[in-house]
4 protein chains.
Amino acid sequence: MNTFGRNFAVTTFGESHGPAVGAVIDGCPAQLALSTADIQPLLDRRRPGASPLASVRNETDSVEILSGVFEGMTTGAPIALLVRNQDMHSGDYEAIKEKFRPGHADFTYQEKYGIRDYRGGGRSSGRETVGRVAAGAVALKYLSSFGIAISGQIVSVHGKTTMLEIEQEILAAKNTGDSVGGIVKIVATGCPVGLGDPVFGKLDAAIAGAMMGIGSVKGVEIGDGFVVAGRFGSENNDQMTKTGFASNHAGGILGGISSGQNIVVCIAVKPTPSIAKTQTTRDIRGNVVEINVSGRHDPCIVPRILPVAEAMLALVLVDAVLEQKKYR
Amino acid sequence: MNTFGRNFAVTTFGESHGPAVGAVIDGCPAQLALSTADIQPLLDRRRPGASPLASVRNETDSVEILSGVFEGMTTGAPIALLVRNQDMHSGDYEAIKEKFRPGHADFTYQEKYGIRDYRGGGRSSGRETVGRVAAGAVALKYLSSFGIAISGQIVSVHGKTTMLEIEQEILAAKNTGDSVGGIVKIVATGCPVGLGDPVFGKLDAAIAGAMMGIGSVKGVEIGDGFVVAGRFGSENNDQMTKTGFASNHAGGILGGISSGQNIVVCIAVKPTPSIAKTQTTRDIRGNVVEINVSGRHDPCIVPRILPVAEAMLALVLVDAVLEQKKYR
Amino acid sequence: MNTFGRNFAVTTFGESHGPAVGAVIDGCPAQLALSTADIQPLLDRRRPGASPLASVRNETDSVEILSGVFEGMTTGAPIALLVRNQDMHSGDYEAIKEKFRPGHADFTYQEKYGIRDYRGGGRSSGRETVGRVAAGAVALKYLSSFGIAISGQIVSVHGKTTMLEIEQEILAAKNTGDSVGGIVKIVATGCPVGLGDPVFGKLDAAIAGAMMGIGSVKGVEIGDGFVVAGRFGSENNDQMTKTGFASNHAGGILGGISSGQNIVVCIAVKPTPSIAKTQTTRDIRGNVVEINVSGRHDPCIVPRILPVAEAMLALVLVDAVLEQKKYR
Amino acid sequence: MNTFGRNFAVTTFGESHGPAVGAVIDGCPAQLALSTADIQPLLDRRRPGASPLASVRNETDSVEILSGVFEGMTTGAPIALLVRNQDMHSGDYEAIKEKFRPGHADFTYQEKYGIRDYRGGGRSSGRETVGRVAAGAVALKYLSSFGIAISGQIVSVHGKTTMLEIEQEILAAKNTGDSVGGIVKIVATGCPVGLGDPVFGKLDAAIAGAMMGIGSVKGVEIGDGFVVAGRFGSENNDQMTKTGFASNHAGGILGGISSGQNIVVCIAVKPTPSIAKTQTTRDIRGNVVEINVSGRHDPCIVPRILPVAEAMLALVLVDAVLEQKKYR
């Protein structure tokens, strides 16, 4: 349940305030040139402490490759990637160790496991995504050799759509001890026809699962998404041309299999649940209590979710590319 | 890739115009009372030929239990469920055997496999969902013993929201040789706290994958879905009360784990791609050609997708219930 | 747990005295010419009723292909294979429905599931191997296109090594209401170098699991097997030559990966546990009772295990061949 | 392919001469008391440098727990275990970097991946088993709470059966630049009835796969193993008594499911392929060459394989225990 993918299988580990976070990649093909220089830039993009809009937790997030690379090339052996945690203020969490933060996994983890690492959310922290992004960087490197590229962009934050408005909106929320959500779009270009497998291995199903599995995501659309519910078939079908399609309402996937067009995904990101405003909740003894979540939280997770969503799409695609090679 | 679930693993088989469709369930607990009477009613709900709004293909869809049940009880052995196809008019498809129907999987299957059963869409046909619904019926029976129930409803079709308007809209589309899409909501009640597994086995991720893997689905929302992108955290967090939560914006899932509230899922269904109106497409030799899709197609798949979506949610939940038992 | 293989995934179903047995193959590549004529001869080899040395149960074991084949070619869709049971004498088992046959799975199934299809062993019957052999036939067809072939032979039965002695030994055991075991060798020729994956996907590990998973098998050897325990390294290492190896003590596998030599496997088969001689056992109420197992049992399963063991080796190899294609 | 187990899933990583080796355990139940003190003693047992009979490579093999444990208790999150490599003499391998050592995986890895970490065997080194033993220690801790214990013993080395003879035999082989093999028996006590799943998830099949997947193992027996091939059924069946069985020829498994008796496994271990004696082999350019394998090798791997085989049996059993809980 901490492993993603069946061919390029990524197992992540680590808690927000434990010694380290990381990932093990099993199934990366041999003979791929790989060094930390391929991974570090993507970790830097998701890193906190880099912007006034983000958490001030200060992590260098330096990645170490523990295995699977020999003389600068992958060998086919598992690639273990390690990032030590450094700037942990676990003391920040003493005040809430017995309270369930609304909108967080505190309550469900406690109920499920009967124990919970309350420091910074433990395993449910966004810090877990360090492993995803590191592994995604390796996937992106491999995909680039097939001409596949992935890029994400912010569509809107709290209804605002220009970068200036968005920054102001985030800072305004921060200043009132609140948070805001938004929408992100991820596009993959260069995908060949044929990725994905009927009927339970559909590419769009895999993408939807991958995206909804990112913390804070509450909705996923492929192509035109919910808009198609209001269309006629004659409007929505992408008619074919001599070399491709006349439109891409489908978002690059037909019958669960890539069509060769751009793969287009949108995700809805909820406002960060950790807010300074006073909320009502329960404690582990069942009492209703008030809570103010201090700590170093992002007032909006949307900008930092971009590299994570890109990484997840990369992991889905690399898995599909390898799967498809079996049948060639 | 034709198997869904890791504990209650369902493998479906069969093509639209082949001899039969069906499913094998591996992992159904022993000592569950089971007969075809538990399955047939759900198959009847998804059956074509039952309404002027649906395809006139006339299938009785009688299910046979081939294994795994002894003296009316499951034994723990695989349960094979078989439905023979009967009312096949394969001749209908001669006209389009060499043309790719826009919005269909024809093109991607042909490119992926180099061969394609063009009769009624073959494996990509909605007829494949017979196996899902049959297996889902067994899942629902098992879930009911835990007090878990699932029901779906149509939210809208082509923007209309009352049943009368919806029926008129579907008939109007049918009469013009067109089709319409819509939105469906599925709700599970009675779920215990604790279903789902971090970080890649999240319940919402599994649901999203299951729903997006249904043909024609282009969007999935958990709880309030895309609306959360426009909210403040202080609005969106579900505050806790003495016995539960003050609201359910989250749709019953926190950190990927069920919270004990109702699980709420919405899906966007595209208009049926098979339409009688003239469209432009390509044939298998690369020529641009016109196409009119005759055959017996649903002008709107929304009503018939309901039992399929319920079945898929049942399969996700039964898998999570069994998974959770490991850690008790 | 009723599915074997991760690429060419075979799910078997069915009980000895239920309506049918069969298998669903998921992952067979498209464009393989396939008909029942490719499968029936192997089913005929494992069929009972064909020899005075075997059970007199009379089954035609006619296989029907329900899906996945179109105009004589596989399409990439799941291939469902069905064999109806015909000659069931379930009445034979009334006498033992409440007694655990020594050496059988009766006791463990009853304890595990709390219910048990006692007719002919239900799911634990050798009849389940119909599905394995049918699927194995498809695997063999695919492997043959790579030049890979598999054949098995009887090494010994109850210590006898010539066919004449073996037949006499089996008949003698039958006449005294007893049974005998033996040893079988399976060899695969034509395997390329490189099949199998370190460290838990080793080819020899997969073969050992596949073989030990056949009912009645109690030992598995690769290459020289237990003999190597008494050797010096200088005797046991297969030294390399210009084009291959000077010997094949390793049985064609080095470090879990095929070396290009013949793959050689031996298995130990226990004497059939169903014997007419009086034995002591327990009944489902906990009483110690005597038991004589009547019914139509093989006095020696060794001859009929050959096609099953060949099928299992084929399933391991086809899976490895497909896996290996991912990294080419 | 570097992950073992479906419920208690262990992914190992690391090469003999890379920065580190280790494992990630996914699926360990929460609330198990765990510290490095539970793991270190088992690592010390398999550690080199501890005996004149073993390699003189000097590793402290100190394990660090990177995640999944909070305040001395498992949390249900993945447990990452890390052991840094220290005493690497990679220079030892310069002489053989272009030669395939007979009996080793050098040739097959080179052919499979087109690249190979030749230092100490890289990923194919026995050093990989550090991860298995560390994970196995956690499994053993969990199993002990169910009263299940595992212990191994040397049956014979090169035909010798007393410890004194065995030590002399190993030293004699070492002094002549040669190596010897042997036989090991592993027994699990305290197993409940019901572990293992028909038909491809049989407990004996899983054990056979686990054991054959240990480097150097060429044969696996359950219970009486190959001896049963020479028996009558009336000799081999374990008759039942009021409280159990009159014998244990079956080795504690009937129909693939544990019977409640001791589980008994024997494995054949080949002589270490790395020997100082001159052998003939090929180099990576296809030339036939002579080779003398220097380096710090065990003249007999049998003593050090014991904790590895125990660990693998523990991993099989913990997986089966968790699987079985699903159906209770």
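Throughout, a residue's number is its position along its own chain's written sequence, starting from 1. Chain A is the first chain written and ligand 1 is the first ligand written, with later ones labelled in order. The model is predicted, so local features are restricted to residues of pLDDT at least 70 and side-chain atom pairs to those at 80 or more, both for listing and for counting; the totals for chains, interfaces and linings are taken over all residues. The basis for every side-chain value is the complete set of heavy atoms in the structure, and neither hydrogens nor water enter the calculation.

S.K.: Explanation requested: the overall build of chain A in the structure shown.
M.R.: Strands are runs of DSSP state E lasting at least two residues, helices are runs of H or I lasting at least four, and both sets are numbered from the N terminus onward. Helix and strand counts for chain A stand at 7 helices and 15 strands. Here the radius of gyration uses the C-alpha set of atoms, whereas the globule reference equals 2.2 Å times the residue count to the power 0.38. Here the C-alpha radius of gyration of chain A, 21 Å, is about what a compact globule of 328 residues would show, namely 20 Å. Burial classification: accessible surface area is computed with a 1.4 Å probe over protein chains only, and a residue below 20% of its type maximum counts as buried, one above 50% as exposed, and the rest as partly exposed. For chain A, the proportion of its 328 residues judged to be buried stands at 66%. A sequence separation of at least 24 residues applies to 71% of the contacts in chain A between residues at least 6 apart. Residue contacts are defined here by distance: any two heavy atoms, one from each residue, within 4.5 Å place the two residues in contact.

S.K.: How should I be thinking about the interface of chain A and chain B in this particular structure?
M.R.: One widely used convention gives an interface's size as the accessible area the parts lose upon coming together. Each partner contributes residues to the interface: chain A has 99 residues there, and chain B has 99 residues. Think of a salt bridge as a Lys or Arg side-chain nitrogen and an Asp or Glu carboxyl oxygen that are within 4 Å of each other. Along the contact surface separating chain A from chain B lie 2 salt bridges. Between Lys112 of chain B and Asp197 of chain A there is a salt bridge, with its nearest N and O atoms 3.7 Å apart. Think of a polar contact as two N or O atoms within 3.5 Å of one another; within protein, one of them needs to be a possible hydrogen donor and the other a possible acceptor, and neighboring residues in sequence only count if both atoms come from side chains. On the surface where chain A and chain B come into contact, there are 55 residue pairs in polar contact (both at pLDDT 80 or more).

S.K.: Hey, could you run me through helix H5 (residues 203-212) of chain A in this one?
M.R.: The periodicity of an α-helix, 3.6 residues per turn, causes residues three or four places apart in sequence to face the same way. When you tally the buried positions in H5 of chain A, you get 9 out of 10 residues, the bulk of the element. Along H5 of chain A, the residues classified as buried are Leu203, Asp204, Ala205, Ile207, Ala208, Gly209, Ala210, Met211 and Met212 of chain A.

S.K.: Can you help me understand the packing of helix H1 (residues 36-46) of chain B against helix H7 (residues 302-325) of chain B in this one?
M.R.: Between two packed helices, the angle of one axis relative to the other and the distance separating the axes together describe the packing. All names here are of chain B. Between H1 and H7, the shortest axis-to-axis distance is 7 Å and the interhelical angle comes to 140°. Judged by residue contacts, Leu42, Arg45 and Arg46 of H1 engage Arg304, Leu306, Pro307 and Glu310 from H7. Just so you know the grouping, Ala, Val, Leu, Ile, Met, Phe, Trp, Tyr, Cys and Pro go in nonpolar, Asp, Glu, Lys and Arg go in charged, and all remaining residues, Gly too, go in polar. Its residues assigned to classes, the contact of H1 with H7 shows 3 nonpolar, no polar and 4 charged. Axes here mean lines fitted to C-alpha atoms, for a helix over just the part in contact, with angles spanning 0 to 180 degrees between N-to-C directions.

S.K.: What am I meant to see in the interface of chain D and chain C here?
M.R.: Each partner contributes residues to the interface: chain D has 99 residues there, and chain C has 99 residues. By buried area we mean how much accessible surface two parts lose on assembly, using a 1.4 Å probe and totalling the loss over both. A buried area of about 7,700 Å², summed over both sides, lies between chain D and chain C, and 61% of it is on carbon and sulfur atoms. Run the count over chain D and chain C and you get 2 salt bridges. Per element, the largest residue contribution to the side of chain D that touches chain C is 6 residues, and it comes from helix H2 (residues 106-113) of chain D.

S.K.: It is not clear to me how the side chain of Lys325 of chain B should be interpreted in this structure. Could you clarify?
M.R.: Structurally, Lys325 of chain B is set in helix H7. Counting rule for charge: Lys and Arg are taken as positive, Asp and Glu as negative, and neither His nor the chain ends is counted. In this structure, Lys325 of chain B is buried with no salt-bridge partner, the nearest side chain bearing the opposite charge being Glu323 of chain D at 12 Å. A polar contact is formed between the side chain of Lys325 of chain B and the backbone oxygen of Lys326 of chain D, at a distance of 3.4 Å.

S.K.: How should I be thinking about the sheet that holds strand E13 (residues 263-269) of chain B in this particular structure?
M.R.: Whenever strands of a sheet pair, they do so through backbone hydrogen bonds, lying parallel or antiparallel. A pair of strands counts as paired when DSSP detects no fewer than two bridges linking them. Reading across the sheet, the 8 strands line up as E8(A)-E9(A)-E13(A)-E10(A)-E10(B)-E13(B)-E9(B)-E8(B) and stay open at both edges, with antiparallel pairing between neighbours. The open sheet is flanked by strand E8 (149-157) of chain A together with strand E8 (149-157) of chain B, the only strands paired with a single partner. Taken pair by pair, the neighbouring strands of this sheet meet at an average axis angle of 20°, ignoring direction. For strand E10 (residues 217-222) of chain A and strand E10 (residues 217-222) of chain B, the ladder comprises 3 bridges, and the chain directions are antiparallel. Paired with Val220 of chain A across the strands is Val220 of chain B, a residue of E10 of chain B.

S.K.: Explain the packing of aromatic side chains to me, please; I cannot follow it from the model alone.
M.R.: Each aromatic ring pair is summarised here by two numbers: the centre-to-centre distance and the angle between the ring planes. Two aromatic rings, drawn from Phe, Tyr or Trp (for Trp, its six-membered ring), form a pair once their centres lie within 6.5 Å of each other, and the interplanar angle then sorts them: stacked below 30 degrees, edge-to-face above 60, tilted otherwise. Across all of its chains, the model carries 26 aromatic pairs over all chains by this definition. Their ring planes at 70° and their centres at 5.4 Å tell us that Phe100 of chain B and Phe107 of chain B sit as a pair that is edge-to-face. Overall, Phe100 of chain B belongs to the buried group, its relative accessible area being 4%. Centre to centre, the rings of Phe226 of chain C and Phe226 of chain D are 6.2 Å apart; their planes meet at 65°, and the pair counts as edge-to-face. Separated into two different chains, Phe226 of chain C in the loop between strand E10 (217-222) and helix H6 (233-236) and Phe226 of chain D in the loop between strand E10 (217-222) and helix H6 (233-236) make up a pair that spans both. One aromatic cluster in this structure is built from Phe100 and Phe107 of chain A together with Phe245 of chain B. Criterion for a charge above a ring: Lys NZ or Arg CZ within 6 Å of the ring centre, and within 35 degrees of the ring normal. Geometry around Tyr113 of chain A places Lys112 of chain A over its ring, the cationic atom sitting 5.9 Å from the centre.

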